[in-house]
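# A closer look at the structure
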Amino acid sequence: MKFKLAPSLLAADFWNLEKAILPAVEAGADVLHIDVMDGHFVPNLTMGPIVPKALAGKTDAILDVHLMVTNPENFITDFAKAGAHWISFHVEAATHAHRVSQQIRDAGCKPGIAINPGTPIAHLEAMIDHVDFVLLMSVNPGFGGQKFIEATYQRLAQLNALIEKSDNTPFIQVDGGVGVANIGRLYQAGVRCAVAGSSVFGKGDPGQAVRELLAEVEKHDA
Ligand SMILES: O=C(CO)[C@@H](O)[C@H](O)COP(=O)(O)O
Ligand SMILES: [Fe+2]
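Residues numbered from 1 in each chain as written. Chains lettered and ligands numbered in written order. Predicted model: local features only at pLDDT ≥ 70, side-chain atom pairs only at ≥ 80, totals over all residues. Heavy atoms only, no water.

## Considering the site of ligand 1
Convention followed: Working definition: residue near molecule or strand if any one of its non-hydrogen atoms lies within 4 Å of it. Distance and chemistry together define a polar contact, namely a pair of N or O atoms within 3.5 Å, with one atom able to donate a hydrogen and the other to accept it when in protein, and with adjacent residues in sequence counting only for side-chain atoms on both sides. Computed with a 1.4 Å probe, the accessible areas rest on the Shrake-Rupley method; for each residue, only the protein chains presented here act as cover. Cavities and pockets were defined on a 1 Å grid built from protein atoms only: a cavity is a group of points that admits a 1.4 Å probe but offers it no way out, a pocket is an open group of points flanked by protein on both sides within 12 Å along at least five of seven lines, and a lining residue is one with an atom within 4 Å of any such point. Pocket or cavity membership: a molecule qualifies when more than half of its atoms sit within 2 Å of the grid points of that site. Helix and strand labels come from DSSP, where a helix needs a run of H or I of at least four residues and a strand needs a run of E of at least two; each type is numbered from the N terminus.
Neighbouring ligand 1 are 20 residues; Asp 35, Gly 142, Asp 175, Gly 197 and Ser 198 lie closest to it. Note that an oxygen atom of ligand 1 is positioned 3.3 Å from one of the side-chain N or O atoms of His 33. Between ligand 1 and the protein, one listed contact pairs an oxygen atom with a backbone N or O atom of Gly 197 at 2.7 Å. Contact with the protein chains removes 99% of the 380 Å² of surface that ligand 1 exposes when unbound. Taking a 2 Å distance to the grid points as the criterion, the majority of the atoms of ligand 1 fall inside the largest pocket. Of all the elements in the fold, those that place two or more residues in the shell around ligand 1 are strand 2 (31-37), strand 3 (62-68) and strand 8 (191-196). In terms of residues, the shell around ligand 1 owes the most to one element, strand 2, which gives 3 residues.

## A look at the UniProt feature "binding site: a divalent metal cation" (unreviewed entry) in the protein chain
To keep it simple, the criterion reads: UniProt positions are given in the numbering used here, feature names are shortened, and annotations may be inferred rather than shown by experiment. Only protein chains enter the calculation, and the probe is 1.4 Å; a residue is then buried if its accessible area is under 20% of its type maximum, exposed if over 50%, and partly exposed in between. The contact criterion used is simple: two residues touch if any of their non-hydrogen atoms lie within 4.5 Å.
What UniProt calls "binding site: a divalent metal cation" (unreviewed entry) maps, in this numbering, to His 33, Asp 35, His 66 and Asp 175. For the annotated residues, spread through 143 residues, the largest C-alpha to C-alpha distance comes to 10.5 Å, consistent with a single compact locus. Lining the largest pocket, from the set of annotated residues above, are Asp 35, His 66 and Asp 175. Within the secondary structure, Asp 35 sits in strand 2. Here Asp 35 falls in the buried class, since its relative accessible area comes to 4%. Ignoring any residue separated from it by four or fewer positions in sequence, one finds Asp 35 in contact with Ser 8, Leu 10, Thr 46, Met 47, His 66, Met 68 and Asp 175. A polar side-chain atom of Asp 35 sits 2.8 Å from a polar atom in the side chain of Ser 8. In this structure Asp 175 touches His 33, Asp 35, His 66, Leu 135, Leu 136, Met 137, Ser 138, Val 139 and Val 195, once residues within four positions along its chain are discounted.

## Focus: the packing of aromatic side chains
Our working rule: Pairing of aromatic side chains requires ring centres within 6.5 Å, counting the rings of Phe and Tyr and the six-membered ring of Trp. Pairs whose planes differ by under 30 degrees are stacked, by over 60 edge-to-face, and all others tilted. Any Lys NZ or Arg CZ found within 6 Å of a ring centre and within 35 degrees of that ring's normal is scored as a charge over the ring.
Applying the stated criterion to the full structure yields 5 aromatic pairs. An angle of 85° between the planes, with centres 5.7 Å apart, marks the rings of Phe 3 and Tyr 187 as edge-to-face. Highlighted residues: Phe 3 in the segment before strand 1 (4-7) and Tyr 187 in helix 6 (residues 183-188), separated in sequence by 184 residues. Per residue, the accessibility class of Phe 3 equals that of Tyr 187, and both read buried. An aromatic cluster is built from Trp 86, Phe 133 and Phe 171, whose rings are joined through pairwise contacts. Looking at Arg 185, its charged tip hangs above the ring of Tyr 153, at a distance of 3.6 Å from the centre.

If you want it as structure tokens, here you go:
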């Protein structure tokens, strides 16, 4: 699969969302990452379905909804109707993870399973065959702008090994603290979609930031 960069809207200027998003997409970002937080699973509140609904039809980018909520099953239909293409939910938050992934697929979206830095990779074992991607958190979920956790590289090796021995090949998305300093190494470690919030929208020019991040990936493409 071709590498995809997913700017996280959480770091964008909400006064000027269109001006933030358009240059990032024009510069080659294929995915827009929408962080949904409920103030319960994580100690922060962010966006509901009105956000993908506002973007749907305005851009060709994939709308990628990252649910950091308890009871994810309650939100799938609304986000799918709002135009989400990918929906990920946390293995820590889903009592019936298998049912939730099926619900996402039935709603016409690609299901992804997300995992916190403190949860053993082995907890994904029963779900690998039932998702299209794994979202490996490289910070503790809840906030943008945090420092990348270095143990993510070891966890990536464990995740690759788990995927290798399964019948399915979900792609790996990494989320949190990604920037020019680590995106190349993450690509080499098997990541095919990197979420980038502050490193895209935290500087003056999102288009330039996207070009720099993609150039790093290109450099590491052996
Ligand atoms: O899901 C989350 C945080 O919970 C992420 O998507 C962050 O929003 C990424 O932001 P940066 O770490 O790249 O600033
Ligand atoms: Fe996220």
